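Summary of the model geometry
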Amino acid sequence: MDKILIKNINIFAYHGVFEKEKKEGQLFRVSAELYLSVRKAAQKDDINLAVNYAEVAELIENVVTREKCDLIETVAENIASEILIGFEAIEGVKIKVSKPNAPIDLDFEDVAVEVERKKHTVLLGLGSNLGDREKYIRTAVDQLGKDDYIKVLKVSGMIETEPYGPVEQPDFMNAAVLIETLYTPDELLSVTSDIEQDAGRERIIHWGPRTLDIDILLYDEEIISSEKLIIPHKEMHLRDFVLRPAEEIAPFMMHPVFKKNIRTLMEELSAEAENAAEPYFDKSYKIVDELCINENSKVVYAGVPGAYAEMAVHKFFGDDVKVYNVKSFDDIVNDVINKKADYGVIPIENSSAGFVSGNYDIIRNSGVVIVAEVVLDIEHSLLGLPSAGIEDIKKVYSHAQGIMQCKEFIDKNGFTAVSVNNTAAAAKKIRDDNNPANAAIASERAAELYGLKVLAKGINTSNDNSTKFVIVTKDKVALKDADSISLCFKTAHKVGALFNIMKHFNSNGLNMTSIESRPSLRKKWQYYFYVTFDGRITDKNVMKALGEIAAETDEMDILGTY
Ligand SMILES: O=C(O)C(=O)C[C@]1(C(=O)O)C=C[C@@H](O)C=C1
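Residues numbered from 1 in each chain as written. Predicted model: local features only at pLDDT ≥ 70, side-chain atom pairs only at ≥ 80, totals over all residues. Heavy atoms only, no water.

- The chain carries the name Bifunctional folate synthesis protein in an unreviewed UniProt entry, which gives Eubacterium ruminantium as its organism.
- According to UniProt, the comment filed for the chain under the heading Function (unreviewed entry) is "Catalyzes the conversion of 7,8-dihydroneopterin to 6-hydroxymethyl-7,8-dihydropterin." (UniProt positions renumbered as here; feature names shortened; annotations may be inferred.)

Below you can see the structure in the form of structure tokens.
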């Protein structure tokens, strides 16, 4: 960039922290580098197109002599901002203020402060959906224009848009404003927040209605990610109502992360919207206030009495239902599908050992529907014959999950672990086999039921050990206030396949809480993904995300909402 240099203007003034400096004054020396383009003035040799450096020098003298400051930092800062405000053509400045006779009791040549400041180009997005929406936006633009450190360069027209996100609310009015400013991003944020406050906006509901919202979309080509500020604005590239007005006033402004200008981002978004999927809602789901549970309800779990699954049944259903047990998880879903049971209870994930392998597959293949979940604290014990001591034990039996959850204890004691169908079935086996060298990993309740002795308690590796069980039924019902959804889909074995689906959770503001991948068993390296995320099945953003995912996957099933 071209520059004009003004060197060492000597000015007598009264700056300093000491009384004497303010009273008697001293010499200050100011140098300025002015960054601008001199090309037009040079080509035409025309003083009217040039910056008059005599005027700049005069301004400098004026600022230095106008008031008494403690610090030469302040003097330099004031000079920089006044030049930038006063001279449109000057884009940046470097100002050096020195104080050759500063009060330092040593032999020295000079003390100086040098600051470099420039004008920043900033794109703002404004929105309002309460009260006199247009007036809120117009007032905000006026307020911006009145600030000495801001110059409003362009204001877009206003567009009316439907609200984005899960909250029911009135339509928005949106606009974009291009400004030039001397503020840093943080300073600008506090200016825009003050303007929002003036408009009476309170941040009560995230995504909710607001009298005025001002977002800093782009700040030069800076990338900022702090607790208070993310620039470029995180979702601007996904929002038509942000890009459309922005394109009108700043089509070529660059998005520094995507390295694309606003016009390209707008074109890409429009193309995407053209191919957009229909929102997805499975009409066969019946939304109910509560589940139909009474003393005739039949509930099935896998294992034998004393199993954790049995405790989960009672934790969720209480004691006034008819509970029975089957051997395997497959038997549960068969009984539910054949209406032998109204509900089944299936363990799905443990907090320390992870997913209960294959249970999502069983749910998907059978077509049962998840309607609720229950989380049970799991405390495992080592159970042996009444005559046995811990030193006699060589082999331990449990469900594979129980073995995983107690791996440290098993390894430390050098036990051989054998997996069986269920923790309580392991306890029963210890009793039936009557071998003092064998023990089970199961609940204390199982010890009581099968007449075993608790040889060690709380043997699980993590002392915060819980298992999540899901409640399944045959009919597609969803509780009205269910706020979690489990989904299954199959992706192709190609680059970016999963990423392309995951992005729909992000773009629709949905929080995923778990994901498990399982081989499809149809084709090598092809997977089913089981995803659980927070959201209500009737929310607009959920239906939109599901529509987008359904359009991009070979198969998509909702396993339930709970
Ligand atoms: O219900 C039981 O006791 C089981 O053996 C099953 C199961 C499971 O599959 O996760 C249940 C809870 C515990 O996490 C360990 C085992």
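So that's the structure; there's more coming.
**A short note on the sheet that holds strand S3 (residues 92-98)**
- The four strands are arranged S1-S2-S3-S4 in an open sheet whose pairing can be described as antiparallel. One side of each edge strand has no neighbouring strand; the edge strands of this open sheet are strand S1 (3-13) and strand S4 (112-118). Here the strands of the sheet are splayed against their neighbours by 15° on average, with no regard to which way each runs.
- Sheet topology places S3 next to S4; seven bridges connect them, and they run antiparallel. Counterpart to Ser98 in the pairing with S4 is Ala112.
- Its contacts with the sheet place helix H3 (residues 53-66) against S1 and strand S2 (26-35), and it is angled at close to 35° to S1.
- Helix H4 (residues 72-86) rests against S2, S3 and S4 of the sheet, and its axis sits at about 150° to S3. (Pairing = 2+ DSSP bridges. Helix = DSSP H or I, 4+ residues; strand = E, 2+ residues; numbered from the N terminus. Axes fitted to C-alpha atoms, helices over the stretch in contact; angles between N-to-C directions. Contact = heavy atoms within 4.5 Å.)

**Some points on H4**
- The end-to-end C-alpha distance of H4, which contains 15 residues, comes to 21 Å, matching closely the 21 Å that a straight helix rising 1.5 Å per residue would cover.
- All of the buried residues along H4 are Ile72, Val75, Ala76, Ile79, Ala80, Ser81, Ile83 and Leu84.
- In this structure, the buried residues of H4 make contact with S2, H3, S3 and S4. (Expected span 1.5 Å × (residues − 1). Buried < 20%, exposed > 50% of the residue type's maximum accessible area, 1.4 Å probe, protein only.)

**A word on the pattern of salt bridges**
- Tallying each qualifying case throughout the model produces 31 salt bridges.
- One salt bridge connects Lys544 with Glu548, and the closest N-O pair in it is separated by 3.2 Å. Residue Lys544 and its partner Glu548 are located together in helix H17 (residues 540-552), separated by four residues, close to a single helical turn.
- On the basis of relative accessibility, which here comes to 37%, the residue Lys544 falls in the partly exposed class.
- By relative accessible area, Glu548 is classed as buried at 15%.
- Residues joined in a network through salt bridges with shared partners are Arg66, Glu67 and Glu82. (Salt bridge = Lys/Arg side-chain N within 4 Å of Asp/Glu carboxyl O.)

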